[in-house]
Amino acid sequence: MENLLKDFEVPPKKASEEALRRWRKAAWVVKNPARRYRFVADLDKRSEGEAKRLKIQERLRVCLYVHKAALTFIDAVPSGREEYTLPEEFKRARFLIHPDELASVVGQHDFRRLKTHGHLDGICKQIRSSLSEGIITDDLSVRQQLFGFNKYEEKPSRTLFMFFIDALRDLTLIILIICAVVSITVGLATDGWPEGLYDGLGIVLCILLVIIVTAVSDYKQSLQFRDLDNEKKKILVQVTRDGYRQTIFIHDLVVGDVVHLSIGDQVPADGLFISGYSLSVDESSLTGESEPVNVSTEKPFLLAGTKVQDGSAKMLVTSVGMKTEWGRLTETLNQGGEDETPLQVKLNGVATIIGKIGLGFAILTFLVLLARFLIGKAVHGGILHWSFNDALSILNYFSISVTIIVVAVPEGLPLAVTLSLAFAMKKLMNDKALVRHLSACETMGSASSICTDKTGTLTTNHMVVNKIWICDVIKSSMDVCKDLSSVMSETVLNILIQCIFQNTSSEVCRSKEGKMTILGSPTEKALMEFALNLGGDFDARFQGCEIIKVEPFNSVKKKMFVLVSLKEGGFRAFCKGASETVLQMCDRFADNAGNCVPLSENKANEIMDVVNSFACGALRTLCIAFKDIERTTKDDDIPANGYTLVAVFGIKDPVRPGVKEAVETCISAGITVRMVTGDNINTAKAIAKECGILTDGGLAIEGPVFREKSAADMEELIPKIQVMARSSPTDKHLLVNHLRKMYGEVVAVTGDGTNDAPALHEADIGLAMGTGTEVAKENADVIVMDDNFTTIINVAKWGRAVYRNIQKFVQFQLTVNIVALILNFVSACVTGTTPLTAVQLLWVNMIMDTLGALALATEPPNEEMMRKPPVKRGADFITKIMWRNILGQVVYQLVVLGVLMFDGKRLLNISGSDASSILNTFIFNTFVFCQVFNEINSLEMESINVFPGIFRSWMFVAIISSTVVFQVIIVEFLGTLASTVPLSWQLWLVSVLIGSVSMIAAVILKCIPVERGNRSLGDGNGYQPLPTGPEGV
């Protein structure tokens, strides 16, 4: 089978258009393209959208660059303010500028028109806002009504009726409806009312039931995806309103809001720069230009959809939603839909192959039935005499053949993947994991390696200062605030507080209720809480001081600088960051009297020993230092040496509860966990040992050492690496790249920073933290909302469950397909009739397609799944174990049904005028119960005991129960429409017993040894196949 599916292979990420078009071309046996390809990317629409996007980007490029160049030449020409008519509703609300004018000024970077409006202050007054206190909350509804909502145009949601129409567009069902109408017409003409109505009406009603069940199932899927899409759009923004800092959803942003931006944020709307430091913005998403743009008071324009690459700032919102260029561009971004997943493509291939076989069998069945009918007429001399009944017979043969195609073409296979993924994504969303791309949930089930951050993922991210070295004394957090003054002077205490308050990206805010809140990263919060407990006054930190320049912290430099002017004259530079980095920049340290003492090599080594002792105690270490400068300018770089060391902090970040157990689960599942962190190597090793990541034979290495290794050394080292400390995003990207390409591993990577984006994009599964930047989230496949490593394991469990559930469904459906095809074909050849009518086949199709998918594709994960190795990249989807189960059940069912078909009357002691009807009903009933019990068998492909799986999913129990109930109704009460007759309780019992024997057959089949093949990753990746034995059953 796998050799036939070569055209149906696509990578989980970054699939080429050629690969996507290749499988579409190969999948030509499709009954209902509108339904089967609903969750498949429309490549033509995507191309159109890309062309529109490039056109808009080119226009923006011209606006932003050519327009600015032109203004430079004509700026000297005096120009009066352009007049325009302001609508009355704006005047009544006391707004003095139209939203179109605002959009034009900012969108076109029009300095002249900005000047005519009075620059930033003038615009702020015209939109009734305050640069310091923001808008008044009571004005929200008026602002949204006049200036618009910060939402982009979306396609209207599809209604249930639309899904009903889609289900009705199935070509085979349309043909059957036509046949049914003809049958009713001819039947009424020959047999009269109401007898002539029954055959055709039965088909119509069964088709209607199929369509309703299909439409409702598809509609519920669409609701799940809509909920997921809405969750993806819930981006949080920091704003100042009513004079207070608060967090709102991006859709609640209005014109006049004052927004706070930091590294990695997406600019949520068009606006003007108010204040900030070193703000650099990536406008490539709008203009296609990769060069970052520096934004300042001289260049104040900020556009929605751009990304903050460096620095921080406050901005005044001037345009929102569809008034922004980003709003117009978003219409083109998602045209064509998301790429299909590898399983969706592969099952489209399986459906195509089986469909071709089914089509061949259907044609052969029709030809055999027609040939036997014509030969019979010729033998009896009636070849030239035709009646309505003859026409009905041929029409019935055609209906049966078309129905065989309905059953044979497993249209539900690709859709079962979507159903299973949608179900898993919904459950994961409830478990704090937001899946952004369908393929990620599927791929995570094959993950063989997880490269995880430490802070916030393995640890709680609730940091507190646990120890401090200052003035050559070490104090713990319990006594530091009580007697710190006893070991140092007031001067040193003031400098310590100043180093923390001045050199920070966090803020201390008060709510309306007066509650104090610290906003910023967990590390910044820990330092800020420490300084506040020492009696520091954050609001008074800038009295007589002015910030001249800021160099924000990032994961490459591992330090942060601030340069301020002092009220007594001169300047002071502050630095904080990784201990070994800052210590190298210092040549002095502050003693207890506040004097700057030279830092000798021995003293530096002593301090480094303190740093290592903190790190070995699983503390995150941080140094702060300062340097006084006589003169400098904004254009000068902040000095990188000559600093005075003030303190070394040891910050405690406890390991999350349950992480060690989650790591053990990974190890038992054949998944290697590697910690990749920017922390000190001793801190990393201590935390890794506590989590169970670093073992006796494992290797801990620093990023700079790793990146200098040769390719041969890397090949030897990488399988042993369990911890990488002091790593940069480049090191993480390098490790991920080698794991994927050198070892063929399926790699999941966590990240939260802007610089993590390349590694998240490169990995098979990128996992962004919920507290991470918008840039990281945009490049990720899954967002871990609670930043918890245990949540990542849940994603892996559901990924494995999806893969396993689809295998179960395929095993079940292929069994039904093969039995139905062979049974009808052989019967047609031998007897000239088929034991299953069109209505009965439609009911069987519903059991194995829509209902079967709901029952088997939605089973939740179990712990047994995490005791097996991950599926190898490129492994056969339909395994030898599956073929053993399929062929074994096919043989059993064909033998039983064949014996009943040819000798059933004698074996069951059936006689009388209605013996044939009773036998055919019994065969139909037995066939259905064989499928019901085989559906139970499919819950476990290897384990003999299937009963624990029955009650894991309420959906499975409900569908099996409803199938049995409907089967009783069809046989006992709908005989006229379904061509059945009521059966005695003895025959019902025999039917159920024959069906249940398939469970005994399954036990025997599972005892037959099958070569498993190399499903694990093999020794080359440092893994051994997990042991199997009697406990596997």
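Predicted model only: the values in this text are computed from it and were never measured.

What counts, and where the lines are drawn
- Residues numbered from 1 in each chain as written.
- Predicted model: local features only at pLDDT ≥ 70, side-chain atom pairs only at ≥ 80, totals over all residues.
- Heavy atoms only, no water.
- Axes fitted to C-alpha atoms, helices over the stretch in contact; angles between N-to-C directions.
- Helix = DSSP H or I, 4+ residues; strand = E, 2+ residues; numbered from the N terminus.
- Parallel < 35°, antiparallel > 145°, perpendicular 65-115°, else oblique.
- Left-handed = near helix turned anticlockwise from the far one by under 90°.
- Contact = heavy atoms within 4.5 Å.
- Buried < 20%, exposed > 50% of the residue type's maximum accessible area, 1.4 Å probe, protein only.
- Pairing = 2+ DSSP bridges.
- Domains from an automatic or database assignment.
- Phe/Tyr/Trp six-rings, centres within 6.5 Å; stacked < 30°, edge-to-face > 60°.
- Lys NZ or Arg CZ within 6 Å of the ring centre and 35° of its normal.
- Expected span 1.5 Å × (residues − 1).
- Patch = residues over 30% accessible without salt bridge, like charges linked within 9 Å, V, L, I, M, F, W, Y side chains within 5 Å.
- Areas by Shrake-Rupley, 256 points an atom, 1.4 Å probe, with all protein chains shown as cover.
- Salt bridge = Lys/Arg side-chain N within 4 Å of Asp/Glu carboxyl O.

Undergrad: What is the right way to look at the packing of helix H14 (residues 342-379) against helix H16 (residues 412-430) in this model?
TA: Packed helices, taken two at a time, are described by the angle their axes make and the gap between the axes. The contact between H14 and H16 brings their axes to 7 Å, and the two run at 160 degrees. When the axes of H14 and H16 are compared, the pair comes out roughly antiparallel. Note that H14 runs across H16; the crossing there is right-handed. Touching Leu 343, Gln 344, Leu 347, Asn 348, Val 350 and Ala 351 of H14 are Leu 413, Pro 414, Val 417 and Thr 418, all from H16.

Undergrad: I tried to follow the pairing of strand E19 (residues 619-629) on my own but got confused; where do I start?
TA: Moving residue by residue along a regular strand, the side chains alternate between the two faces of the sheet. Taking burial as the measure, the 11 residues of E19 include eight buried ones, the bulk of the element. Here strand E16 (residues 571-577) runs beside E19; their pairing, made up of seven bridges, is antiparallel. Across the sheet, the residue bridging to Phe 574 is Phe 626, located in E19. Across eight bridges, the pairing between E19 and strand E20 (residues 643-652) is antiparallel. Bridged to Phe 626 within E20 is Thr 644.

Undergrad: How do you make sense of the domain arrangement of the chain when you look at a structure like this?
TA: The figure often quoted for interface size is the accessible area lost as the parts come together. Domain assignment breaks the chain into domain 1 (41-76), domain 2 (89-149 + 253-334), domain 3 (433-459 + 656-787) and domain 4 (478-635). Measuring from the centre of the C-alpha atoms in domain 1 to the corresponding centre in domain 3 gives 38 Å.

Undergrad: How should the packing of helix H30 (residues 789-831) against helix H32 (residues 880-908) be read in this particular structure?
TA: For the pair H30 and H32, the least separation of the axes is 9 Å and the interaxial angle reads 30 degrees. Judged by the inter-axis angle, H30 sits roughly parallel to H32. Note that H30 runs across H32; the crossing there is right-handed. The segment H30 lies against H32, with Gln 807, Val 810, Gln 811, Leu 814, Thr 815, Ile 818, Val 819, Ile 822, Leu 823, Ser 827, Val 830 and Thr 831 engaging Met 882, Asn 885, Ile 886, Gln 889, Val 890, Gln 893, Leu 894, Leu 897, Met 901 and Phe 902.

Undergrad: Honestly, the packing of aromatic side chains in this entry has me stumped. Any pointers?
TA: Aromatic ring pairs are defined here through the distance separating the ring centres and the angle between the ring planes. Summed over the entire model, instances satisfying the criterion amount to 12 aromatic pairs. Seen in terms of ring centroids, Trp 469 and Phe 589 are 6.2 Å apart; in terms of plane orientation they differ by 50 degrees. Their pairing is tilted. Taken as a pair, Trp 469 in strand E10 (residues 464-470) and Phe 589 in strand E17 (residues 586-590) lie far apart in primary sequence, 120 residues in all. You'll find Trp 469 and Phe 589 in the same group, each marked buried. An angle of 85 degrees between the planes, with centres 5.4 Å apart, marks the rings of Tyr 803 and Phe 877 as edge-to-face. Of the two residues, Tyr 803 sits in helix H30 while Phe 877 sits in the loop between helix H31 (838-856) and H32, which places them 74 residues apart along the sequence. The class of Tyr 803 is buried, set by a relative accessible area of 14%. Pairwise contacts between aromatic rings join Phe 90, Phe 95 and Phe 147 into one cluster. Geometry around Phe 95 places Arg 128 over its ring, the cationic atom sitting 5.0 Å from the centre. Sitting over the face of the ring of Phe 163, Arg 158 holds its NZ or CZ atom 4.8 Å from the ring centroid.

Undergrad: I would appreciate a short explanation of H30 in the present structure.
TA: Side chains three or four residues apart in an α-helix point the same way, a direct result of the helix having 3.6 residues per turn. The end-to-end C-alpha distance of H30, which contains 43 residues, comes to 63 Å, matching closely the 63 Å that a straight helix rising 1.5 Å per residue would cover. Most of H30 sits inside the fold, with 35 of its 43 residues counted as buried.

Undergrad: I keep staring at a nonpolar patch on the surface and nothing clicks. Help me out?
TA: Together, Val 965, Phe 966, Val 968, Ile 969, Phe 973 and Leu 974 give the surface a local cluster of nonpolar side chains, amounting to about 510 Å² of exposed area. With respect to the secondary-structure elements, Val 968 resides in helix H35 (residues 954-973).

Undergrad: What is the right way to look at the environment of Ile 960 in this model?
TA: Along the polypeptide, Ile 960 turns up in helix H35. For the pair Ile 960 and Phe 933, spaced 27 residues apart in the sequence, the C-alpha separation amounts to 9.1 Å. Apart from the residues within four sequence positions on either side, Ile 960 is in contact with Val 932 and Glu 935.

Undergrad: Looking at this model, I keep getting lost on the pattern of salt bridges. Mind explaining?
TA: Charged atoms that come close allow side chains of opposite charge to pair. A full pass over the atoms with the stated rule returns 35 salt bridges. Among the salt bridges present, the one from Glu 101 reaches Arg 113, with a minimum N-O distance of 2.7 Å. Within this pair, whereas Glu 101 is found in helix H5 (residues 99-107), its partner Arg 113 is found in helix H6 (residues 111-116), the two being separated by 12 residues in sequence. The partner of Arg 241 in a salt bridge is Asp 257, and the shortest N-O contact between them spans 2.8 Å. In this pair, Arg 241 is assigned in strand E1 (residues 236-241) and Asp 257 in the loop between strand E2 (244-249) and strand E3 (258-261), connecting sequence segments 16 residues apart. Of the residues examined, Arg 241 reaches a relative accessible area of 4% and is grouped as buried. Via salt bridges that share partners, Lys 808, Glu 859, Glu 940 and Arg 952 belong to a single interconnected network.

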